[in-house]
Amino acid sequence: MCQVSSTLYSATVLANLEIVQRQNHTYESTYIPLGMDATVSWGGPDYQFKNNTKYPIKVVTSYSGGVLTCQIWGTKTDDIIVKFTHEVLATINYGTVKKEDSTMAAGTSMVSVTGETGYKVQSYRELYDANGKLISKSKEAYSVYSKRDQVVVVGTKVAEKKQEKPAEEKKQEETK
């Protein structure tokens, strides 16, 4: 669902419609650039936009070959071209947390949680005239994506040593 709402968000910004409510994902999305996603969840955040034009609009979506497309159809009243851009303001590197596991052999390790880099991002709505001249650039959304530390599980189990047989037992075995 979030891929649908994110694609619709981009389409509505590019159609120069009013965004009423939008929330970015907790972590960076792999299918859309930073600052251009819109998360939705049952009982949680919702994506909402408003048709602030004087005419009706139609939202047309399609899915083919693994690609989702959202189009906004309406009445063209001007020659304005909209660009949706973003700027990464900060990168928050993830760390590595080591956890010991006594069931794994000493000297072994495995990654149990992959790390995610965090970001602070500002997205913009840029309006251009028909000749490509910038008319305005406004802040669209500020997005904060959390970092998630990588977790590495490290084995601590020591291999059991074979017990030496007492010298008497060894001597008896040798004489047999």
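Residues numbered from 1 in each chain as written. Predicted model: local features only at pLDDT ≥ 70, side-chain atom pairs only at ≥ 80, totals over all residues. Heavy atoms only, no water.

Undergrad: An account of the packing of aromatic side chains is needed here, citing residue identities and associated values.
TA: According to the stated counting rule, one finds 3 aromatic pairs in the structure shown. Seen in terms of ring centroids, Tyr9 and Tyr47 are 5.5 Å apart; in terms of plane orientation they differ by 70 degrees. Their pairing is edge-to-face. Of this pair, Tyr9 sits in helix H1 (residues 2–14) while Tyr47 is found in the loop between strand S1 (18–21) and strand S2 (48–50), placing the two residues 38 residues apart along the sequence. By relative accessible area, Tyr9 is classed as buried at 0%. Here Tyr9 and Phe84 contribute two aromatic rings whose centre-to-centre distance is 5.4 Å and whose plane-to-plane angle is 90 degrees, an arrangement assigned as edge-to-face. (Phe/Tyr/Trp six-rings, centres within 6.5 Å; stacked < 30°, edge-to-face > 60°. Helix = DSSP H or I, 4+ residues; strand = E, 2+ residues; numbered from the N terminus. Buried < 20%, exposed > 50% of the residue type's maximum accessible area, 1.4 Å probe, protein only.)

Undergrad: Please provide a residue-by-residue account of the nonpolar core, values included.
TA: In terms of nonpolar packing, the biggest core is built from 13 residues, with Tyr9, Tyr47 and Phe84 touching the most fellow members. In this structure, Phe84 is in contact with Tyr9, Ser10, Val13, Leu14, Gly35, Met36, Ser123, Tyr124 and Glu140, ignoring residues within four places of it in sequence. (Core = buried A, V, L, I, M, F, W, Y, C linked by side-chain atoms within 4.5 Å. Contact = heavy atoms within 4.5 Å.)

Undergrad: How would you summarise the pattern of salt bridges if you had to cite specific residues and measurements?
TA: Overall, the coordinates contain 5 salt bridges when judged by the stated rule. Glu126 is paired through a salt bridge with Lys137; the nearest N and O atoms lie 3.8 Å apart. With Glu126 in strand S8 (residues 118–128) and Lys137 in strand S9 (residues 134–145), the pair connects residues that are 11 residues apart, well separated along the chain. A relative accessible area of 8% means that Glu126 is categorised as buried. Relative accessible area serves as the criterion here: at 49%, Lys137 is assigned to the partly exposed category. (Salt bridge = Lys/Arg side-chain N within 4 Å of Asp/Glu carboxyl O.)

Undergrad: Describe the sheet that holds strand S10 (residues 150–157), and please don't skip the residues or the numbers.
TA: Strand order in the open sheet formed by 3 strands is S6-S10-S7, with mixed pairing between adjacent strands. A strand with exactly one partner marks an edge of an open sheet, and here the two such strands are strand S6 (96–105) and strand S7 (109–113). Within the sheet, the average angular offset between the axes of one strand and its neighbour, ignoring direction, is 35 degrees. One ladder, built from 4 bridges, connects S7 with S10; its direction is antiparallel. Its bridge partner lying in S10, Val113 is registered against Val151. (Pairing = 2+ DSSP bridges. Axes fitted to C-alpha atoms, helices over the stretch in contact; angles between N-to-C directions.)

Undergrad: Can you explain the environment of Thr75? Please cite residues and give values.
TA: As for its placement among the helices and strands, Thr75 is situated in the loop between strand S4 (67–73) and strand S5 (81–92). Owing to a relative accessible area of 49%, Thr75 belongs among the partly exposed residues under this scheme. Between the alpha carbons of Thr75 and Ile57 there is a distance of 7.6 Å; along the sequence they are 18 residues apart.

Undergrad: Provide a residue-level description of a nonpolar patch on the surface, including the pertinent values.
TA: A cluster of nonpolar residues, Leu89, Tyr142 and Val144, forms a patch on the protein surface that exposes about 280 Å² of accessible area. Here Leu89 shows up in strand S5. (Patch = residues over 30% accessible without salt bridge, like charges linked within 9 Å, V, L, I, M, F, W, Y side chains within 5 Å. Areas by Shrake-Rupley, 256 points an atom, 1.4 Å probe, with all protein chains shown as cover.)

Undergrad: Explain H1 to me, using residue names and the numbers behind them.
TA: For H1, built from 13 residues, the straight-helix expectation of 18 Å at 1.5 Å per residue is met to within 8% by its first-to-last C-alpha distance of 18 Å. In terms of residue burial, H1 counts as a mostly covered element, since 10 of its 13 residues are buried. When H1 is considered as a whole, its buried residues turn out to be Cys2, Ser5, Ser6, Thr7, Leu8, Tyr9, Ser10, Ala11, Thr12 and Val13. Just beyond H1, the residue with positive phi is Asn16, at close to 60 degrees. (Expected span 1.5 Å × (residues − 1).)

Undergrad: Before we move on, can you summarise the layout of surface pockets with the specific residues and values?
TA: Here the largest pocket defines a volume of roughly 570 Å³. Lining the largest pocket we find 21 residues, and of these Ala15, Asn16, Thr75, Lys76 and Asp78 sit closest to its centre. When residues of the lining of the largest pocket are traced back to their parent elements, those giving at least two are H1, S4 and S5. In terms of residue class, the lining of the largest pocket is built from 12 nonpolar, 6 polar and 3 charged. (1 Å grid on protein atoms, 1.4 Å probe; cavity = no way out; pocket = protein on both sides within 12 Å on 5 of 7 lines; lining within 4 Å. Points joined across faces, edges and corners; volume = space filled by probe spheres on them. Nonpolar A, V, L, I, M, F, W, Y, C, P; charged D, E, K, R; others polar.)

Just distances and angles here, no functional claims.
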